[in-house]
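# Architecture at a glance
Here are the chains, one letter per residue:
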Amino acid sequence: MADSLPTEFDVVIIGTGLPESILAAACSRSGQRVLHIDSRSYYGGNWASFSFSGLLSWLKEYQQNGDVGEESTAAWQELIHGTEEAITLRKKDETIQHTEVFCYASQDMEDNVEEIGALQKNPSSVASSTPTEFLDSACLPEEKHSSYFTGYEMPAKHPQKSDREISLAVTDVEESLEEGKYCGAKTCIHSVSDGDKDENKPMVEDNTDQPKRNRITYSQIVKEGRRFNIDLVSKLLYSQGLLIDLLIKSNVSRYAEFKNVTRILAFWEGKVEQVPCSRADVFNSKELTMVEKRMLMKFLTFCLDYEHYPDEYQAFKQCSFSEYLKTKKLTPNLQHFVLHSIAMTSESSCTTIDGLKATKNFLQCLGRFGNTPFLFPLYGQGEIPQCFCRMCAVFGGIYCLRHKVQCFVVDKESGRCKAIIDHFGQRINAKYFIVEDSYLSEDTCSDVQYKQISRAVLITDRSVLKADSDQQISILIVPPAEPGASAVRVTELCSSTMTCMKDTYLVHLTCSSSKTAREDLESVVKKLFTPYSETEIDKEEPTKPRVLWALYFNMRDSSGISRSSYNGLPSNVYVCSGPDGGLGNEHAVKQAETLFQEIFPSEEFCPPPPNPEDIIFDGDDKQSDTPGTNTIIMAKVESSEESKNLESPQKHLQN
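A brief structural summary. Since the structure is predicted, the reported quantities are computational estimates derived from the model, not experimental observations.

Structurally, Val 507 is set in strand β22 (residues 505-512). When its relative accessible area of 1% is taken as the criterion, Val 507 is described as buried. C-alpha separation for the pair Val 507 and Val 547, spaced 40 residues apart in sequence, amounts to 9.7 Å. Each residue touching Val 507, except ones within four places of it in the same chain, is listed here: Ala 456, Val 457, Leu 458, Thr 460, Val 490, Thr 491, Glu 492 and Phe 529.

Structure follows, in structure tokens:
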């Protein structure tokens, strides 16, 4: 039980974001006793993925966070001895701000709509559906994540499907929409109505005479809510990146499944175009002339080995990469493609060296698993932290969600942290403590200067660039309209990524914040998309995809903060940052490895899994005491399923 945990551990980790989860797996794998806890009801923290109803629950949770009162400290203060002092932790999460929700899809729906397969809600728990309680009627108290674990071999020419069933969380949602607008302390809900037309008209399920696509209503989105896996942070995996290497090395990859990003897009002269990346793409492109194809190939070939030709760029080291590109005889559209879609950098802040490095990294990642450098995890980015948590649990780590920590207990003489005290009043001792930045109190973080990330999540009815196949995964960089502003990264996911329902796309927009998320991103949304209600009025097939539902929010970026910025941090307490604004996961992996080597300098970071023949169970006569061997002593195997995974780890990449 969570209220009667063991009282002695080697490492206590607070927060289940990606860096903390990697560290938990590494510590558990090296034989440490690990307690991994999170005050939230879900894994991943700000790296999590939610179903549609789960996302609404998450919004409601942040609305209620503003009303959290001060708890009595008398109970746990009695556990602090005279030679000790307490460092209290934050009672509410303040990493998300300025949340705004817009519903453009038609709302001609019944009063009570439930997700397919949802359990019947207890009548006594049904929330009233007044306009001022929009989130109460649309959300659940808690969300359980759906997980899909399978084995795969990277790379594999003939992927083999796992026999494991998809474990789907059973959730329930009740929805009652009213026209109007709700604005809470932090969350704004906007219902965009397109009138009473077609109010009683039934949906046409199968009409071969109708050339246009069926209209998608809000009730359909709610009913199919479990088809969505909506990431709080939008990232991709570089195929030669640190995270892919770590997944393969540690064999954590057997718990996840990936798809290739199929297209790199560019926004050039007011329209979206596909960028040729590989040699085949370049010479098959109909957008480029033969001269442009040769110029581009020559420049990309140079970038792969630019270190061997220093004379080509030495004079431009102090210049921006965009200025350097102008000297390479590239046409304006090729300069745009290289700067924004290949190097994926900004015009003002990127130096020539940084631009060449980014271009080389992009090119080196091509061809490992597909035609683009990127992979996307099925069921969303939130699967990755859960995969590392599972590895930690396999090697004996203990997990507790909805488990709050009141304070650190610090020895006054040594200045080291000795224990934590949880919300049950239990004192848990450990040698090392790792905490996610959002748990630290205002006093501890008073001198920290945080950056912000602007995020938008859209559900749309079709892709930003029409193609032969509607199952496209695309990334697009929209350059800033004004000098000094941030470029906006757009990731578009199709239904085959298991992140949205059929006939819809899930679109993520990300940039560095200068204002609220809506102010930063709305102009780009208007360039690429059309609100659904406008097209309903016109009754014409729009030239741009239609937005059915939109969410804007700002997320704290705690990356790049030095340890010295925190006040009064004990020497054996280590801080992990939340998600950064970059496209890849390099920062999280580097941070986890750096902290692990600092805590356990003689241990290998996430070594390969042991040979099944070397695993010794308690009670066996043969036990090896030789240090440095791969022998693992395991007291208990949780299930035969875990045993199978250890004995025959397979890797599977879905193309």
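So, on to helix α8 (residues 290-304). Compared with an ideal rise of 1.5 Å per residue, which puts 15 residues at 21 Å, α8 spans 22 Å between its outermost C-alpha atoms and is within 8% of the ideal. By the burial criterion, the buried members of α8 are Glu 292, Lys 293, Leu 296, Met 297, Phe 299, Leu 300, Phe 302 and Cys 303. On its buried face, α8 sits against α7 (279-284), α9 (321-326), α10 (332-342) and α11 (352-365).

As enumerated under the stated definition, the model contains 21 aromatic pairs in all. On the basis of an interplanar angle of 70 degrees and a centroid distance of 5.5 Å, the ring pair of Trp 58 and Phe 553 is categorised as edge-to-face. In this pair, Trp 58 is assigned in helix α2 (residues 52-65) and Phe 553 in strand β24 (residues 546-557), connecting sequence segments 495 residues apart. When sorted by exposure, Trp 58 lands in the same class as Phe 553, which is buried. Connected via pairs of aromatic rings, a cluster forms that spans Tyr 42, Phe 50, Trp 58, Tyr 62 and Phe 553. It is Arg 556 that lies over the ring of Tyr 450; its NZ or CZ is 4.1 Å from the centre. Positioned above the aromatic ring of Tyr 574, the side-chain terminus of Arg 563 is 5.5 Å from the ring centre.

A word on the environment of Gly 584. For Gly 584, the position within the fold is in the loop between β25 (573-576) and α15 (586-599). When its relative accessible area of 10% is taken as the criterion, Gly 584 is described as buried. Sequence separation of Gly 584 and Leu 236 is 348 residues, and the distance between their C-alpha atoms is 5.5 Å. For Gly 584, the contacting residues outside a window of four places in its chain are Lys 235, Leu 236 and Tyr 238.

What counts as what
Residues numbered from 1 in each chain as written. Predicted model: local features only at pLDDT ≥ 70, side-chain atom pairs only at ≥ 80, totals over all residues. Heavy atoms only, no water. Helix = DSSP H or I, 4+ residues; strand = E, 2+ residues; numbered from the N terminus. Buried < 20%, exposed > 50% of the residue type's maximum accessible area, 1.4 Å probe, protein only. Contact = heavy atoms within 4.5 Å. Expected span 1.5 Å × (residues − 1). Phe/Tyr/Trp six-rings, centres within 6.5 Å; stacked < 30°, edge-to-face > 60°. Lys NZ or Arg CZ within 6 Å of the ring centre and 35° of its normal.

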